[in-house]
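# Topology and contacts: notes
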Amino acid sequence: MKSRYVLSLALASSAFPTIAAARPAAPQWTAPEREAIAAWPARKAARMDPAIERRIAAIVRGMTLEQKVGQITQAEIRSITPDQVRQYHIGTILNGGGAWPAMNKHAPLADWTALADAYAKAALKSDAKQPIPLIWGIDAVHGNNNVVGATLYPHNIGLGAAHDPQLVYRIGRATAKAVRATGIGWAFAPTVAVVQNQRWGRTYESYSSDPAQVAANGRALIEGLQGTLKGDGDVLASVKHFAGDGGTFRGIDQGETRASAGDFARVHGAGYYTALDAGVQTVMISYNSWTMAGTHPFGKMHGNRALVTGVLKDRLKFDGLVVSDWNAIEQVDGCTTDHCPAAINAGIDVFMVPEKWQTFITNTLADVRAGRVSEARIDDAVKRILRVKFRQGLFDRPIAAGRYTGDAAALVDRPLAQEAVRKSAVLLKNDGLLPLAPGKRILVVGDAADSFPAQSGGWSITWQGTETDNADFPIGETLLGGIRRAFGAGAVTYSPDGSAFAPGKFDVVIAVLAELPHAEMKGDVRWPEPLAQSRRYPEQLALLGRVSGKGVPVVSVLYSGRTTYATDLINRSDAFVAAFLPGTEAGALADLLAGTGKRDFSAKLSFAWPSTACPSGGEPAGESLFARGFGLTYAHAVHTGTLTETPIPATCP
Ligand code: GLC
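Below is a summary of the structure that appears in this document.

It is the contact of helix α10 (residues 211-226) with helix α12 (residues 270-277), at a shortest axis distance of 8 Å, that shows an interaxial angle of 30°. What the angle tells us is that α10 and α12 run roughly parallel. By crossing handedness, the relation of α10 to α12 is classed as right-handed. Across from Pro211, Ala215, Arg219 and Ile222 in α10, the residues of α12 making contact are Ala270, Gly271, Thr274, Ala275 and Asp277.

Here you go:
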């Protein structure tokens, strides 16, 4: 049976010949493309609002080509002024990680809202028949993590371990308020990557290696962020990165994902069904490429028309806007940072061209005028952008009018973050040590114990989560602070490198270990480097060596953005806590260590914990020290004893 689309085209061409010319040609898919598309179960389209659609059509009819191309362009705040937004009819802006108003890391909230207002007002001064409101996107991926003073929640790897989508929903609500406090209306979250190899530098942005866990938490965050779309505490969500970001070969960031059509859809598509069912309004495309079953190279996702148009828009009936990633179009064959007709024809609607947005506009106008891109495709993109803006109510109520704009209290929710920290830390070992009784004399070692950057990880004030210090986190509690609070400051001695005091003078040692904060490709542990904490951070094994085996029990707490070989560290600990990246309220871990108020661990690993320093990816049972879903509690004590350590090779075979 002919698809509804083709039938309507046939009808239209007989009755009104000019209409047929206005519609983009129906794509003629190749056999591999048809195979790729068919692997995704079809979805029913959501009902559109005919009144909105009529308004959209009327606006588009009144737009010049320049105004349309400006509308599909997304520039970065370091590269565009409000007046240029007006002059070039820009539809959307963003700030990348580590970009703040006037590039002031400590920019007060008033500077954020003033800049947002300046851009918003400039867009409405456009000379278009119908000026179109601007939207500003920001990477609020664990709270509004760009703003000094904001609460940063545990990163997704820990939230996945909490197995509590309702908690994730509440974090979404809190994050949306925090984003609206800055006068911004769009969060580039959630990531619904289903990570298959923890070498990837973005593993911590993933909820789990289990597609079902990712789908449930992704949906919860979208519902939390978007609310009703029109409320003062609502923002647009951006489910990302479509698709296959978590499945690249050896976990290489922006690399090649090799999977059959079925596995690609079943594993890496899992988060998109629930996202679309949740009404997500934007989808961000992924940097990676996809080779189907290792034989058919589709190339980079940003040029993959079968997946972006054939699957996302036609088969899954996504009717919101599709946004590219940061300069990602340059990776498409034949494209550059500012010129990519292939990405436009693939079905992307908004182009994140942070710096070279002016030449992108010039090049795209030339593409349309030369017929390399149809105006119908541009119209489709503009209509989708307008649809999202109408759904967010921007034509009736500017973001700035929201009641949270400029409200510093909306940036913070300490109790929620503390709850999330307690629910996301996994107890891997406890040989009769925890919870610690009051009155213990405690030696705390490890510089991560008193480090907001270490406990927060990447995407924290800066892109990498580095070049920051405790002064950049005025609200929150380090684990050292929490231990002092829970046990009494007088009972706690702190020695960052563990050398200042003989452990024998204490009842217990708490050692806090960490990965260096990282984001994206800078966090990759590239094969053949062993994925072993003590190899990457030998000083931490040495630190444990100074305090372990001295007749005083040791609790180790590890901050990491991934599960990683650590059997040697676990064997030098009587108790071991995988805290992942708890954020600004890491001090709440102390309440678990103390059992304050009968608190107990509840988290279960969202990724398997490797027994080898050279994991092959995919978490095979033979490579797992602790399976996904493992986690001890005080209520169900288990004696772990000494685990078998596997040698850490100089390089992985
Ligand atoms: C980055 C990331 C993406 C982020 C975007 C904007 O490269 O891939 O997750 O939303 O750029 O900062």
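Structure's up, so let's keep going.
Moving on: the pairing of strand β16 (residues 554-559). Judged by how many residues are buried, β16 sits mostly within the fold: 6 of 6 residues are covered. Because side chains alternate across β16, one face comprises the buried residues Val554, Ser556 and Leu558, and the other comprises Val555, Val557 and Tyr559, equally buried. Relative to β16, strand β15 (residues 508-514) runs parallel, the two being bridged by 6 bridges. Pairing of Val512 across the sheet is with Val557, part of β16. Bridge count for β16 against strand β17 (residues 575-578) is 4 bridges, and the pairing is parallel. In the sheet register, Leu558 faces β17, and the bridge partner there is Ala578.

Turning our eyes to something else, we now look at the sheet that holds strand β9 (residues 296-300). Sheet strands pair via backbone hydrogen bonds, and the direction of the pair is either parallel or antiparallel. Overall, mixed pairing links the 3 strands, which are arranged β6-β8-β9 in an open sheet. If you trace the sheet from one side to the other, it starts and ends with β6 (256-259) and β9, each paired once. With direction set aside, neighbouring strand axes in the sheet form an average angle of 15°. Here strand β8 (residues 289-292) pairs with β9 via 4 bridges, running antiparallel. The partner of Trp290 across the bridge, within β9, is Gly299.

Residue placement: Asn156 occurs in helix α8 (residues 156-162). In this structure, the C-alpha to C-alpha distance between Asn156 and His142, residues 14 residues apart in sequence, is 7.8 Å.

Rules used in this analysis
Residues numbered from 1 in each chain as written. Predicted model: local features only at pLDDT ≥ 70, side-chain atom pairs only at ≥ 80, totals over all residues. Heavy atoms only, no water. Axes fitted to C-alpha atoms, helices over the stretch in contact; angles between N-to-C directions. Helix = DSSP H or I, 4+ residues; strand = E, 2+ residues; numbered from the N terminus. Parallel < 35°, antiparallel > 145°, perpendicular 65-115°, else oblique. Left-handed = near helix turned anticlockwise from the far one by under 90°. Contact = heavy atoms within 4.5 Å. Buried < 20%, exposed > 50% of the residue type's maximum accessible area, 1.4 Å probe, protein only. Pairing = 2+ DSSP bridges.

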